[in-house]
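# Reading the structure
Below are the chains, spelled out letter by letter.
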Amino acid sequence: MARTTPEVNGGSLADIAFLLLIFFLVTTTMDIDTGITRLLPPEPDPEQEDVEVKVNKRNVLVVLLNRSDLLMVGGDVMDRLALKDRTIEFFTNPQGREDLPVMEDTEVQFPPGSSSLLPPDGMWRGKVSKGVISLQNDRSTTYGKYLQVQNELVAAVNTLRNDFCNLYFDKDYDDLNTANPIEEEIQVGIRKIYKMNISETDPKNIGGRN
Amino acid sequence: MSKFRKKSGKGLQAINTSSLPDIVFMLLFFFMVATTMRETEVQVKVKVPEATEVKKLEKKSLVSYIYIGRPVAHVARMYGTEPLIQLNDKLVSDENIPYETIQDFVLFEREKLPEADKNKMVMSMRIDEEISMGKVDDVKQALRRAKSLIINYSARKEYREQGRQR
């Protein structure tokens, strides 16, 4: 009475797998979300009174996008592609000009021994810009144009950070691994030197109503 | 010549399909790993702008989506063609900017997150490039009021030639 188990027919296995495959093809997406992350300013305390904050005029670069999507930077009408270089110049003030932001002497701590260009204690001493970019837009500005301008401003700061990181640490800023405490400290340090000082004013209508 | 004739003499030979399931399973596993489940049906047309400085959104669980765009055809029949806001999968049909709706939405989404991640919530703004900033500003104000401050302007990666960039 030696009974052999009958062989299972595997012919329909392919059909079943195809069915599953098609199900997954239909119900899933492959796109990876990419975008520019920004931080909104916190809402002001209602009990806090409006205090006229005295900001030195040379420390502010006004970037204005009007209702016809024209870009004005610090009083000049400008093409979008020139904005990045203008922003870099504004944040670094290479010639020490009087009409560009004040550069303040600052010390920033980096991990000791992380770079040959830093003193042994890892303290960076240099000048940090006090500049702030004020981005203003009209309610009729198109979003695409607005994001392009945001992109140029972020690109300027990213370029500065990346150049610094390449010079001192021989590495791209984006390649810093934040899971590593030393590299995280480097990242925090570089952020202190080149701050993302882009402020957005409360929305208002610029140049007439719409 | 007789060598060749021998083989084709007996008609077509059946192709061995016993490895077909293996191949299909391999494809299946690839798609299971490489894709994510479609969670929401987007009811507004969104063509996000292009930008060079885009980064990947890291933790999907922290992300909620706000879509702004003109409604797709079958929705437009009900709501008209004016730009609408969609919060995750819910379409906001109100004419005015519903501050309360956005605030409730933020609170609801925040409640889902574990305690440690509550202040790390990211709002992904998927906004059509043709939309005017008025609506976007209103949403941003509502988010500020709801204390959801990390936002991500969704954008496609744009590649520029080196010469134009500098």
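Residues numbered from 1 in each chain as written. Chains lettered and ligands numbered in written order. Predicted model: local features only at pLDDT ≥ 70, side-chain atom pairs only at ≥ 80, totals over all residues.

### Let's talk about the overall build of chain B
Along its length, chain B carries six helices and ten strands. Pairs at least 24 residues apart make up 77% of the contacts formed inside chain B by residues separated by at least 6 positions. (Helix = DSSP H or I, 4+ residues; strand = E, 2+ residues; numbered from the N terminus. Contact = placed C-beta atoms within 7 Å.)

### Describing the packing of helix α2 (residues 83-92) of chain A against helix α3 (residues 143-169) of chain A
Residue and element names in this part refer to chain A. As a packed pair, α2 and α3 sit with axes 8 Å apart at the nearest point and diverge in direction by 50 degrees. Comparing their axes, α3 and α2 come out oblique. The two elements α2 and α3 meet at a crossing, and its hand is right-handed. Contact residues: L83, K84, T87, I88, F91 and T92 in α2; V149, E152, L153, A155, A156, T159 and L160 in α3. (Axes fitted to C-alpha atoms, helices over the stretch in contact; angles between N-to-C directions. Parallel < 35°, antiparallel > 145°, perpendicular 65-115°, else oblique. Left-handed = near helix turned anticlockwise from the far one by under 90°.)

### Details of the nonpolar core
Counting residues in each nonpolar core, the largest one holds 59 residues, and the members touching the most others are B:I66, B:I68, B:I102 and B:L143. By residue number, the principal contributor to this core is α3(A), which donates eleven residues. Excluding residues within four positions of it along the chain, B:I66 makes contact with B:I85, B:L87, B:M123, B:M125, B:R126 and B:V139. (Core = buried A, V, L, I, M, F, W, Y, C linked by C-beta atoms within 7 Å. Buried ≥ 20, exposed ≤ 12 C-beta atoms within 10 Å, placed from the backbone.)

### Looking at the sheet that holds strand β4 (residues 71-73) of chain A
Residues and elements named next belong to chain A. The five strands lie next to each other as β5-β4-β3-β8-β9, forming an open sheet whose pairing is mixed. At either margin of the open sheet sits one strand with a lone partner, and together these are β5 (76-77) and β9 (198-200). Note that strand β3 (residues 60-65) and strand β8 (residues 132-137) share six bridges and pair parallel. From the neighbouring strand, L65 faces β8, where its bridge partner is N137. (Pairing = 2+ DSSP bridges.)

### What about the pairing of β3(A)?
All names here are of chain A. Across three bridges, β3 lies against β4 in antiparallel orientation. Looking at the pairing, L64 lines up with M72 of β4. Linking β3 back to β4 in an antiparallel pair, the connection comprises five residues, with D69 at a positive phi of about 65 degrees.

### Details of the confidence of the model for chain A
Confidence in the prediction of chain A, expressed as mean pLDDT, is 83, and 92% of residues score 70 or more. Model confidence for chain A, summarised as mean pLDDT per element, is weakest for strand β1 (residues 28-29) of chain A at 76 and strongest for α3(A) at 91. (pLDDT = per-residue confidence, 0-100.)

### Description of the pairing of strand β8 (residues 122-127) of chain B
Residue and element names in this part refer to chain B. Buried residues dominate β8, accounting for six of its six residues. The two faces of β8 match: V122, S124 and R126 on one face and M123, M125 and I127 on the other face are all buried. Across six bridges, strand β5 (residues 63-71) lies against β8 in parallel orientation. If you follow I68 over to β8, its bridge partner there is I127. Pairing of β8 with strand β9 (residues 150-154), which is carried by four bridges, proceeds in the parallel orientation. Looking at the pairing, V122 lines up with I150 of β9. Running through helix α5 (residues 133-145), the crossover from β8 to the neighbouring parallel element β9 is right-handed. (Right-handed = clockwise from strand over helix to strand, strands pointing away.)

### Description of the environment of A:R191
Mapped onto the fold, A:R191 is located in helix α4 (residues 181-193). With 151 residues separating them in the primary sequence, A:R191 and A:L40 have C-alpha atoms 18 Å apart.

### Comments concerning helix α2 (residues 20-34) of chain B
Note: α-helices contain 3.6 residues per turn, so residues at a spacing of three or four share the same orientation. The end-to-end C-alpha separation of α2(B) is 21 Å, in line with the 21 Å expected for 15 residues at 1.5 Å each. Counting buried positions along α2(B) yields one of 15 residues, so the element is predominantly exposed. (Expected span 1.5 Å × (residues − 1).)

### Here we look at the interface of chain A and chain B
If you look at the interface, chain A gives 43 residues, while chain B gives 46 residues. Every element with two or more residues in the side of chain A that touches chain B is listed here: α1 (13-27), β1, β2 (34-39) and α3 of chain A. The element that contributes the greatest number of residues to the side of chain A that touches chain B is α3(A), accounting for ten residues. Grouping the amino acids of the side of chain A that touches chain B by side-chain chemistry returns 22 nonpolar, 16 polar and five charged. (Nonpolar A, V, L, I, M, F, W, Y, C, P; charged D, E, K, R; others polar.)

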